[in-house]
Amino acid sequence: MKRSLFDKIWDAHVVDELPGGNALVFMDLVVAHEITTPPGAIAIEKEFDDELYEPDRIVAMIDHVAPAKDAATALQAQTVRTWAKRQGIRFHDIGNNGICHVLVPERGYVTPGMSVCCGDSHTCTLGALGAFALGIGTTAQAGAMLAGCLILQRPKVMRIEITGELPADATAKDLTLSVIATIGFRGGTGYVLEYTGSAVRALNMEQRMTLCNMAIEAGATTGIIAADATTAAYLAATPAAPAGWTALQADDDAEYAATVTIDGSAIRPVVSWGTNPGENAPVDGAVPADAPAESLAYMDLRPGQALRSIAIDQAFIGSCTNSRIGDLRAAAAVLRGQQVSVPTIITPGSQAVRRQAEREGLHDIFQDAGALWTHSSCGPCLGMSMGVLAAGTRCVSSSNRNFPGRMGDGGRVHLAAPAVVAASAILGRIASPSEITSREVVLA
Amino acid sequence: MTGTRHMIVEGTVLPIPRANIDTDQIIPAHYLTRIDADGMGEHLFEGMPDGADLLARHPGAAIIVTGENFGCGSSREHAAWALLGRGFRAVIAPSFARIFHENAYNNGVVPVILPQETVDALMSAQTIAIDVAGETLRADGAEPIAFALDPLRKQFVLGGGFLKYLHAKIPAVRAWEAAR
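Residues numbered from 1 in each chain as written. Chains lettered and ligands numbered in written order. Predicted model: local features only at pLDDT ≥ 70, side-chain atom pairs only at ≥ 80, totals over all residues.

Counting its secondary structure elements, chain A contains 15 helices and 19 strands. Relative to the globule expectation of 22 Å for 444 residues, the C-alpha radius of gyration of chain A, 21 Å, shows essentially globular dimensions. Taken along the three principal axes of its C-alpha coordinates, chain A extends 65 × 55 × 45 Å. A burial count over chain A gives 61% of its 444 residues as buried. The contacts in chain A between residues at least 6 apart in sequence include a share of 74% that link residues at least 24 apart. (Helix = DSSP H or I, 4+ residues; strand = E, 2+ residues; numbered from the N terminus. Rg over C-alpha atoms; globule rule 2.2 N^0.38 Å. Buried ≥ 20, exposed ≤ 12 C-beta atoms within 10 Å, placed from the backbone. Contact = placed C-beta atoms within 7 Å.)

Structure below.
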């Protein structure tokens, strides 16, 4: 049978078939952060003599609340810190850390064809490297650390071809939001999304990570993109510079359970208006006439309202979706010489990204514009530490989730690409980057 | 990570007639600051706009009946712990998000999948009794309705032991890896 890329990786990792259509699937790498790892690590310590399958197959970091904000989060960090040291696990402590889905690829820990899991839903990000990478719960992660395997039902594969070429003002964020709007917020459930097509091939690695990052927001098990020369060049430049991997490809006439084709040239800069990421529309457009009343009630919007008329209270650029150097450059291109008019938080995805941004002087552009330039963490994205929204306030954010209460109880989130967030921060309302460019012309 | 397991789950119903109840609504991230599974129940549904009201109107409920894609979003197993901590032992829905679905099994929250029209009918039930082992349920004493659990994971929802099950696989995994 002709196989998809995902099929080939799956087949190469099945240790055993289990009852009920389940499989025992080997995990080449387990990524462990301080929020979801401690209960599992403690369970293994207490019930299984602290014996891990292979500590070398684990990489750990502090990323969600970095540094600790209180005694409880300090204990989470300390638990992972002492566990990693005791077990000889690669560990990235504050100062040398980053959001797991930013740090793991930039260090070269993942190569094409690998299987990777983490107690974090956005692990699908790593599918950008041609790996099978998925988010799981704490107990499943503990199982992978204990026995090297997950128990999984084999997902179906949906081939998503993005044809043509993205317009100059459309980004990978706009593409991934458009994919979710096309297949539906739960349209990917039970599937791996195998992205292909000329518009995907043209994306750099960071952009591919943004695309795969939000596969979970369509309910998908993960997203995946076949490795190519872009992947190889990216990996060669990482500190680990891994070698010896093979770039698997889907067979030409592989069979897929579903196929979706999207015209890349029709992708527009978009922003979410509702309470799930699929509820989005072009920045230049309006809230749809048929938008669910419940979403609009939470968001305090009405059908037909122009999106660019929506005033905001905060802006955030960061998260595992859009916090890499390319994202910061895009934001800086808009913010250069401008002033933000609402509180604006810019959080690099890793300390390595932060240092690169500072070498390029981006931190000066941000701070000259009045934005807050922070150290790396998951930050405001999940309302867990800094930058939490007050009830009833509205934030334009480069992150991945606009669920009710996501960034703070009662807070409202509009998802967009970094350049749209930057333009919105300047104008104090949802805005298109082209408005800033044209304003410059007017001022001149 | 191991709640009390129940062969029979019986209790009153909390209906949430909406799809896409995400884990941020079930337990907001700012409560994910413990190194154990305790203390989540008191914050259940604090991220849901009408969560407190729903819980207040259905005191002592043990079974949630809700729409498609329950538990979507974040992988936080805290969502299952919060449900358990508040006394919920089962969720009946047309579908579950993948990660929550596994978390429910691993923690003894019975995830019952039934067609939308059946779920709609159960929204108005007062009491539901679920025979977990027999894979049937009865609403207000009506005729039994059959459902299907994952044949492998059923043992985990009934008796826990997920990690013990995997632990027993280690020799096979090592042999597989050596031959890889």
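A word on the overall build of chain B. Helix and strand counts for chain B stand at eight helices and seven strands. For chain B, the C-alpha radius of gyration of 17 Å lies close to 16 Å, the compact-globule estimate for 180 residues. Along the first, second and third principal axes, the C-alpha set of chain B runs to 55 × 40 × 25 Å. Taken across its 180 residues, chain B has 50% of its residues classed as buried. When contacts within chain B are restricted to residue pairs at least 6 apart in sequence, those whose partners lie at least 24 apart make up 68%.

Another aspect to go through is the sheet that holds strand β17 (residues 372-373) of chain A. Two pairing modes exist for strands in a sheet, parallel and antiparallel, and in both the strands are linked by backbone hydrogen bonds. All names here are of chain A. With respect to topology, five strands assemble into an open sheet ordered β17-β16-β15-β18-β19, the strand pairing being parallel. Strands with a single pairing partner mark the edges of an open sheet, and in this sheet they are β17 and β19 (412-415). By the bridge criterion, four bridges tie strand β18 (residues 394-397) to β19 in an arrangement that is parallel. Pairing of Arg394 across the sheet is with Arg412, part of β19. Packed onto the sheet, helix α14 (residues 418-427) meets β15 (314-317), β16 (344-346) and β18 and runs at close to 150° relative to β15. (Pairing = 2+ DSSP bridges. Axes fitted to C-alpha atoms, helices over the stretch in contact; angles between N-to-C directions.)

Let us look at the interface of chain B and chain A. Listed by partner, the interface residues are 46 residues for chain B and 54 residues for chain A. Where the side of chain B that touches chain A is concerned, the elements lending two or more residues are α1 (23-26), α4 (98-107), α7 (162-167) and α8 (170-178) of chain B. Class assignment of the residues belonging to the side of chain B that touches chain A gives a composition of 20 nonpolar, 13 polar and 13 charged. (Nonpolar A, V, L, I, M, F, W, Y, C, P; charged D, E, K, R; others polar.)

In terms of nonpolar packing, the biggest core is built from 213 residues, with Val116, Cys149 and Ala331 of chain A together with Ile63 of chain B touching the most fellow members. For this core, the element with the most residues is α14 of chain A, which contributes eight residues. The residues touching Ala331 of chain A, leaving out its near neighbours within four places in the chain, are Ile317, Ile346, Pro418, Ala419, Val421 and Ala422 of chain A. (Core = buried A, V, L, I, M, F, W, Y, C linked by C-beta atoms within 7 Å.)

What follows concerns unusual backbone geometry. Note that the residue after Ala66 of chain A, namely Pro67 of chain A, is joined by a cis bond; omega there is -5°. Here Pro67 of chain A lies in the loop between β4 (58-61) and α3 (71-87). Its identity is not glycine, yet Asn20 of chain B carries a phi of approximately 65°, on the positive side. Position of Asn20 of chain B among the secondary structure elements: in the loop between β1 (8-16) and α1. Judged by the 21 C-beta atoms lying within 10 Å of it, Asn20 of chain B falls in the buried class. With a phi close to 50°, Asp140 of chain B is a non-glycine residue in the positive phi region.

What follows concerns the sheet that holds β1 of chain B. Residue and element names in this part refer to chain B. Judged by pairing direction, the sheet is mixed, and its seven strands sit side by side in the order β4-β3-β2-β1-β5-β6-β7 without closing on themselves. The sheet is open, and its two borders are formed by β4 (110-113) and β7 (145-146), each paired with just one other strand. Relative to β4, strand β3 (residues 90-93) runs parallel, the two being bridged by four bridges. Across the sheet, Ala93 pairs through a bridge with Ile113, a residue of β4.

Below, the discussion takes up the packing of helix α11 (residues 325-335) of chain A against α14 of chain A. All names here are of chain A. Viewed as axis vectors pointing N to C, α11 and α14 meet at an angle of 30°, and their least axial separation amounts to 8 Å. Considering the angle they form, α11 stands roughly parallel to α14. Crossing of α11 against α14: the hand is right-handed. Each of Asp327, Ala330, Ala331, Val334 and Leu335 in α11 lies in contact with α14, whose residues at this interface are Pro418, Ala419, Val421, Ala422 and Ala423. Here the contact of α11 with α14 is composed, by residue class, of nine nonpolar, no polar and one charged. (Parallel < 35°, antiparallel > 145°, perpendicular 65-115°, else oblique. Left-handed = near helix turned anticlockwise from the far one by under 90°.)

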